[in-house]
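# Structure at a glance
Here are the chains, one letter per residue:
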Amino acid sequence: MAVMDIDLRRLRYFVTVAEELSFVRGAERLNMTQPALSRQIRALEDDLGASLLQRGPLGTALTPAGGQLLEDARPLLAASLALQRRVRLASREGHHFTIGFMPGVIVTPIVRQFRALAPEVNVQVLHTAPTDQVDYLLDGRVDVCFVRLPLPVDTFEIVPLFPEPRVAALSDEHPLAQAQIVDIAELTPYRLLQDSDDVPEWRGTGFHAAAVRDRREADRPTSIEESLEAVASGTGFIVVPAGLADFYRRPDIRYVQLAGVAPRMVALAYTKNRKMPSIDQFAKIVIAALGST
């Protein structure tokens, strides 16, 4: 029997759509157009000789074959990712060390100090977006990363550093934009443009809370830049760490101090069982410079 090679890229596209049960949201996550995504899914179906997804009046649903493929595809993609990561890590062993950092976290003084103490190490610094800090660690692009907790997976060593207060991003024409401090309860009548699980202290009015649930976040912004555009247009508000607010300053948005919302912990993270002397050396510098305990 002939053996067919499965395109892992198309498999990843399928898993994304299957997880979202939406070609629109899947295309947004993958940063591609919906027609292009649909063509890739059709090509995968042609390769496998099976229908994987059905579109109907209530949205997109998995077929029995699609459900089976989703179950089998996840470990296959995870194994592929682990393979890539191991190869990347092997290529960087020794005198290479890569540090990931997020917007709003200043690491330059720490990196300079580490370079001075370890001149034999080739140090690189990579910028990570708030949504991909875990990916950079998992696939081996960085050895350590400054992150904001919580992390969605429990596979990392975490070194808590300091709590970071959060602020509300409001349009400059918002009724509360000129306030010095706002309690989160004062924002319940307004639309929250992010997952409400990110701000559990916020409890919208019945209308707004139902709208958030019923929309299934189909029109929710997918990046901080898109979120800020929506805020500036008066669509709603978001809650962000104070450091992120400093990084994304713009004249049509006001960042207002929030009361009643827990801060986010900034931490240093690296993959468990990662044996690398540079990590321990770097962590000691970071704790001395930023650690709150």
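Structure first, text after, so check above.
Note that this is a predicted model, so its numbers are computed, not measured.

## Thoughts on the pairing of strand β1 (residues 53–56)
- In terms of strand pairing, β1 meets strand β2 (residues 59–62) through four bridges, oriented antiparallel. Within β2, the position partnered with R55 by the bridge is T60.
- Hairpin remark: β1 followed by β2, antiparallel, with two residues in the connecting loop.

## So, the pattern of salt bridges
- According to the stated counting rule, one finds ten salt bridges in the structure shown.
- Across the salt bridge formed by R29 and E19, the nearest N and O atoms sit 3.2 Å from each other. With a gap of ten residues between them, R29 in helix α2 (residues 23–30) and E19 in helix α1 (residues 8–20) connect regions that are remote in the sequence.
- We classify R29 as partly exposed; its relative accessible area is 43%.
- Among the residues examined, E19 registers a relative accessible area of 38% and is labelled partly exposed.
- Measuring nitrogen to oxygen at the nearest pair gives 2.7 Å for the salt bridge that ties E164 to R148. Placement of the pair is E164 in strand β6 (residues 156–164) and R148 in strand β5 (residues 144–148), with a sequence separation of 16 residues. In this structure, E164 and R148 share a single accessibility class: buried.
- Residues participating in the shared-partner salt-bridge network are E19, E20, R25, R29 and R74.

## What to know about the sheet that holds β6
- Spatial ordering of the open sheet is given by β4-β3-β5-β11-β6, a layout of five strands whose pairing is mixed. With partners counted over all chains shown, the strands left at the sheet margins are β4 (122–127) and β6, one partner each. Within the sheet, the average angular offset between the axes of one strand and its neighbour, ignoring direction, is 20 degrees.
- Direction of pairing for strand β3 (residues 96–101) relative to β5: parallel, over a ladder of two bridges. Bridge assignment links G100 to a residue of β5, and that residue is C145.
- Seen against the sheet, helix α5 (residues 108–117) touches β3, β4 and β5 and runs at an angle of roughly 165 degrees to β4.

## A word on the sheet that holds strand β9 (residues 238–241)
- Judged by pairing direction, the sheet is mixed, and its four strands sit side by side in the order β8-β10-β7-β9 without closing on themselves. Each end of this open sheet is capped by a strand with a single partner; those strands are β8 (181–183) and β9. The mean inter-strand angle of the sheet, taken between neighbouring strand axes irrespective of direction, is 45 degrees.
- When β8 meets strand β10 (residues 253–259), the two strands line up parallel, connected through three bridges. When the sheet's bridge partners are listed, I181 is paired in β10 with Q257.

What counts and what doesn't
- Residues numbered from 1 in each chain as written.
- Predicted model: local features only at pLDDT ≥ 70, side-chain atom pairs only at ≥ 80, totals over all residues.
- Heavy atoms only, no water.
- Pairing = 2+ DSSP bridges.
- Helix = DSSP H or I, 4+ residues; strand = E, 2+ residues; numbered from the N terminus.
- Salt bridge = Lys/Arg side-chain N within 4 Å of Asp/Glu carboxyl O.
- Buried < 20%, exposed > 50% of the residue type's maximum accessible area, 1.4 Å probe, protein only.
- Axes fitted to C-alpha atoms, helices over the stretch in contact; angles between N-to-C directions.
- Contact = heavy atoms within 4.5 Å.

Remember, this is a structural readout, not a statement about activity or role.
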